[in-house]
Amino acid sequence: SQQGEEDPQALSIQEGENATMNCSYKTSINNLQWYRQNSGRGLVHLILIRSNEREKHSGRLRVTLDTSKKSSSLLITASRAADTASYFCATDADMTTDSWGKLQFGAGTQVVVTP
Amino acid sequence: DVKVTQSSRYLVKRTGEKVFLECVQDMDHENMFWYRQDPGLGLRLIYFSYDVKMKEKGDIPEGYSVSREKKERFSLILESASTNQTSMYLCASSLRGATYEQYFGPGTRLTVT
């Protein structure tokens, strides 16, 4: 079963615009992670935000976490054609076995950035 | 840099064949994972291993088995391939613990005919 669900499923924007995608999850978490996947490739880790953090930045990426609403958002500012990819949120799956590092991934948001 | 490699990028097998997918990581990670990815379903965990010879079922273990004889190598086995196992298979590794990122291999696109 999926813990995280991304919204929207697909997003099409022009270069220079901001892209925002959201992730909702169902149960308490230790942390939430965002990954990017270029077409036909493996996933690449972007950013991790812990449950006691509300906002985190990395370059053009900004992630927020609202544990009361069980939701997170990923903002990509000043998007580029190279940002075209699928973006996935992932949460640690089981609080009782948190030392094992299992993650549950959502279905992803497909982002297309046109020049 | 962490490197996770998978034995094949593309694989075509016939129904009923035994299929081996291999994954090797070079960063001494304790955890290794096998996922399958299908359109609209995201990544689903098949099996993971947190130590040599240790394994735990994921969400969809049916029809699969795994082997981890050495820390750096994690194999996924399809005992008798079926057409519904046509998918993208992704291997990942991580340090043990909840706050570590997973490092992914490039994936194996398996087609079963």
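Look a little higher up for the structure.
What counts, and where the lines are drawn
Residues numbered from 1 in each chain as written. Chains lettered and ligands numbered in written order. Predicted model: local features only at pLDDT ≥ 70, side-chain atom pairs only at ≥ 80, totals over all residues. Heavy atoms only, no water. Helix = DSSP H or I, 4+ residues; strand = E, 2+ residues; numbered from the N terminus. Rg over C-alpha atoms; globule rule 2.2 N^0.38 Å. Buried < 20%, exposed > 50% of the residue type's maximum accessible area, 1.4 Å probe, protein only. Pairing = 2+ DSSP bridges. Salt bridge = Lys/Arg side-chain N within 4 Å of Asp/Glu carboxyl O. Contact = heavy atoms within 4.5 Å. Buried area = accessible area lost by both parts, 1.4 Å probe. Nonpolar A, V, L, I, M, F, W, Y, C, P; charged D, E, K, R; others polar. Phe/Tyr/Trp six-rings, centres within 6.5 Å; stacked < 30°, edge-to-face > 60°.

Quick look at the overall build of chain A now. Scanning chain A for helices and strands turns up 0 helices and 11 strands. Traced from its N-terminal end to its C-terminal end, chain A shows the element sequence β-β-β-β-β-β-β-β-β-β-β. Scaling as 2.2 N^0.38, a compact globule of 115 residues should have a C-alpha radius of gyration of about 13 Å, and chain A matches this with 14 Å. For chain A, the spread of C-alpha atoms along the three principal axes comes to 45 × 30 × 20 Å.

Turning our attention to the pairing of strand S11 (residues 109-114) of chain A. Walk down a regular strand and you will see the side chains alternate between the two sheet faces. All names here are of chain A. Residues Thr109, Val111 and Val113 point to one face of S11 and are all buried, whereas Gln110, Val112 and Thr114, pointing to the other face, are not buried. Of the pairings in the sheet, the one linking strand S2 (residues 10-14) to S11 comprises 5 bridges and is parallel in character. Residue pairing across strands places alanine 10 opposite glutamine 110, the latter belonging to S11. Relative to S11, strand S9 (residues 85-92) runs antiparallel, the two sharing 3 bridges. Bridge pairing in S11 places tyrosine 87 opposite threonine 109.

Moving on: the pattern of salt bridges. A full pass over the atoms with the stated rule returns 10 salt bridges over all chains. Here glutamate 56 of chain B and lysine 102 of chain A are joined by a salt bridge, their closest N and O atoms 3.5 Å apart. Of the two residues, glutamate 56 of chain B is situated in strand S6 (residues 54-57) and lysine 102 of chain A in the loop between S9 and strand S10 (103-105); the pairing between them involves two chains. Judged by its relative accessible area of 16%, lysine 102 of chain A falls in the buried class. Among the salt bridges present, the one from glutamate 69 of chain B reaches lysine 53 of chain B, with a minimum N-O distance of 2.4 Å. With a gap of 16 residues between them, glutamate 69 of chain B in strand S7 (residues 64-70) and lysine 53 of chain B in the loop between strand S5 (42-51) and S6 connect regions that are remote in the sequence. Relative accessible area serves as the criterion here: at 51%, glutamate 69 of chain B is assigned to the exposed category. Taking relative accessible area as the criterion, lysine 53 of chain B reaches 56% and is therefore assigned exposed. Among the ionic contacts, a cluster of salt bridges with common partners joins Arg36, Asp38 and Arg44 of chain B.

Bringing the interface of chain B and chain A into the picture now. Each partner contributes residues to the interface: chain B has 26 residues there, and chain A has 26 residues. Across the interface of chain B and chain A, roughly 2,000 Å² is buried in total on both sides, 50% from carbon and sulfur atoms. Taken together, chain B and chain A are joined by 1 salt bridge. Split by residue class, the side of chain B that touches chain A holds 13 nonpolar, 8 polar and 5 charged.

Look at the link from aspartate 7 of chain A to proline 8 of chain A: it is a cis peptide, with omega at 0°. Mapped onto the elements of the fold, proline 8 of chain A is located in the loop between strand S1 (4-7) and S2. One non-glycine residue with positive phi stands out, namely lysine 53 of chain B, at about 65°.

This next bit is on the packing of aromatic side chains. In this structure the tally under the stated criterion is 9 aromatic pairs over all chains. Centroid distance phenylalanine 105 of chain A to phenylalanine 104 of chain B: 6.0 Å. Interplanar angle 80°. Geometry classified as edge-to-face. One end of the pair, phenylalanine 105 of chain A, is in strand S10; the other, phenylalanine 104 of chain B, is in strand S10 (residues 103-104), on a second chain. When sorted by exposure, phenylalanine 105 of chain A lands in the same class as phenylalanine 104 of chain B, which is buried. Through successive ring pairs, a cluster of aromatic residues spans Tyr35 and Phe105 of chain A together with Phe33, Tyr35, Phe48, Tyr50 and Phe104 of chain B.

Take it as geometry only, folks, not as evidence of what the structure does.
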